[in-house]
Amino acid sequence: MSKPIPIITRVKDTSRLSENMQSVILESERLKQFPAVQPGAYIKLIFEASGVPFTSSSHQDTPRMMRTYTIRKLDKNKGQLQIDMVLHAHNGVSGPAATWAAKAKLGDEIAIAGPGSVKQVDTKADWVLLAGDTTALPAIESHLESIPKDTKGYAFISVGSENDIRALVKPKDIDVIWVDQNSGGLASRISGASFPDSTPSIWAAAEFSQMREMRALFAERFSVSRNELYLSSYWKFGRSDEQHKVDKRNDAMQLQQM
Ligand SMILES: Cc1cc2nc3c(=O)[nH]c(=O)nc-3n(C[C@H](O)[C@H](O)[C@H](O)COP(=O)(O)OP(=O)(O)OC[C@H]3O[C@@H](n4cnc5c(N)ncnc54)[C@H](O)[C@@H]3O)c2cc1C
């Protein structure tokens, strides 16, 4: 994403979507001029370095940090966009974005930047394989809603609680398999499944170590070319997003040297 020009938005609505997911609608006149976006496109929420949201009262030169969230819905007529945010906390420790999501009230301001885009699912492939944890669920839902109705395939989605399982709008020939995050993870569940012999288009995003497990599995099990694969780490256990980005860069460098 090029150097972002922040858009100051206000919380128009906020509601609990499921046990660990908060849906937040942000509004701004400037969103009426936002570019059209494809499924999985994202924005950056902007915070001051102290972790409070960057708002119209923030000093322009104050150091900032950003957190990435998928645009679940964009309504340019109303100047509104929806993001669905995982409410996470481990031993009482959360992050600025999840902390904000849990507390945000109607009218609260937060600056955003974007949009950025990600690779699309190739629906010309014989079948599609979507996989992700709850951070990728907004993107997977958007893909499932937008791909052609006759698309065939599978969506593996891992959740921390069965109360995060929801009915999804999807093509009838896509099987959705909910995976208990606490019992083995995505790669082992995918590895135990039977698939058609032909080559799929794969779209997968999850926690860093889960992404690496899936990468090894996909390389062994499917002979997919880079064109047919989107695979991304969306966060890393025990690491802030700033640290996660460093780990991602190192991982990409190691991969290039192999
Ligand atoms: C392209 C892209 C799209 C994304 N879309 C979404 C989305 O739509 N919804 C969404 O919820 N997330 C999404 N994410 C992931 C989100 O950006 C990260 O989870 C982010 O780190 C959360 O920031 P934070 O300030 O809450 O925590 P941070 O300050 O980054 O981290 C603080 C601590 O919390 C832990 N942590 C961070 N995220 C999680 C989590 N999900 N579960 C458990 N522990 C966590 C970290 O390991 C760290 O120990 C997306 C990421 C990318 C790259």
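Refer to the structure above for everything that follows.
For helix H4 (residues 208-221), built from 14 residues, the straight-helix expectation of 20 Å at 1.5 Å per residue is met to within 8% by its first-to-last C-alpha distance of 20 Å. Among the residues of H4, those classed as buried are Phe208, Gln210, Met211, Met214, Leu217 and Phe218. Among the structural elements, strand S8 (127-132), strand S9 (153-159), helix H3 (185-191), strand S11 (200-207), strand S12 (229-235) and helix H5 (241-257) are those in contact with the buried residues of H4.

Counting residues in each nonpolar core, the largest one holds 23 residues, and the members touching the most others are Leu26, Leu45, Leu81, Ile83, Met85 and Trp100. If we ignore the near neighbours within four places in the chain, the residues touching methionine 85 are Asn20, Met21, Gln22, Val24, Leu45, Tyr69, Ala97, Trp100 and Ala101.

The local shell around the ligand holds 24 residues, among which Arg67, Thr68, Val86, His88 and Lys236 are the closest. Here a nitrogen atom of the ligand sits 3.0 Å away from a polar atom, N or O, in the side chain of threonine 70. Take histidine 88: an N or O atom from its side chain is 2.7 Å from an oxygen atom of the ligand. Those elements giving two or more residues to the shell around the ligand turn out to be strand S4 (64-70), strand S6 (80-86), helix H1 (96-103) and S12. Looking at the shell around the ligand, the element that brings in the most residues is S4, giving four residues. Residues that form the shell around the ligand fall into these classes: 11 nonpolar, eight polar and five charged. Two domains each donate at least three residues to the shell around the ligand, and these are domain 1 (7-116) and domain 2 (127-257).

Before going further, it helps to spend a moment on the pairing of S6. Counted residue by residue, S6 has seven buried out of seven residues, so it is predominantly covered. Relative to S6, strand S2 (residues 21-27) is paired through seven bridges, and the arrangement is antiparallel. Bridging from a neighbouring strand, glutamate 27 pairs with glutamine 80 of S6. Pairing of strand S5 (residues 73-75) with S6, which is carried by three bridges, proceeds in the antiparallel orientation. The partner of lysine 73 across the bridge, within S6, is glutamine 82. Counted along the chain from S5 to the antiparallel partner S6, the turn is four residues long, and its residue glycine 79 has a positive phi close to 70°.

Counted under the stated rule, the structure contains 13 salt bridges. Between glutamate 29 and lysine 32 there is a salt bridge whose closest N-O contact spans 3.1 Å. A residue is classified by how much of its surface remains accessible, and lysine 32, at 32% relative accessible area, is partly exposed. Where lysine 236 meets aspartate 247, a salt bridge forms, and the shortest distance between an N and an O atom there is 3.0 Å. With lysine 236 in the loop between S12 and H5 and aspartate 247 in helix H5, this residue pair connects regions lying 11 residues apart in the sequence.

The rules behind each value
Residues numbered from 1 in each chain as written. Predicted model: local features only at pLDDT ≥ 70, side-chain atom pairs only at ≥ 80, totals over all residues. Heavy atoms only, no water. Helix = DSSP H or I, 4+ residues; strand = E, 2+ residues; numbered from the N terminus. Expected span 1.5 Å × (residues − 1). Buried < 20%, exposed > 50% of the residue type's maximum accessible area, 1.4 Å probe, protein only. Contact = heavy atoms within 4.5 Å. Core = buried A, V, L, I, M, F, W, Y, C linked by side-chain atoms within 4.5 Å. Near = heavy atom within 4 Å. Polar contact = N/O pair within 3.5 Å; in protein donor to acceptor, adjacent residues only side chain to side chain. Nonpolar A, V, L, I, M, F, W, Y, C, P; charged D, E, K, R; others polar. Domains from an automatic or database assignment. Pairing = 2+ DSSP bridges. Salt bridge = Lys/Arg side-chain N within 4 Å of Asp/Glu carboxyl O.

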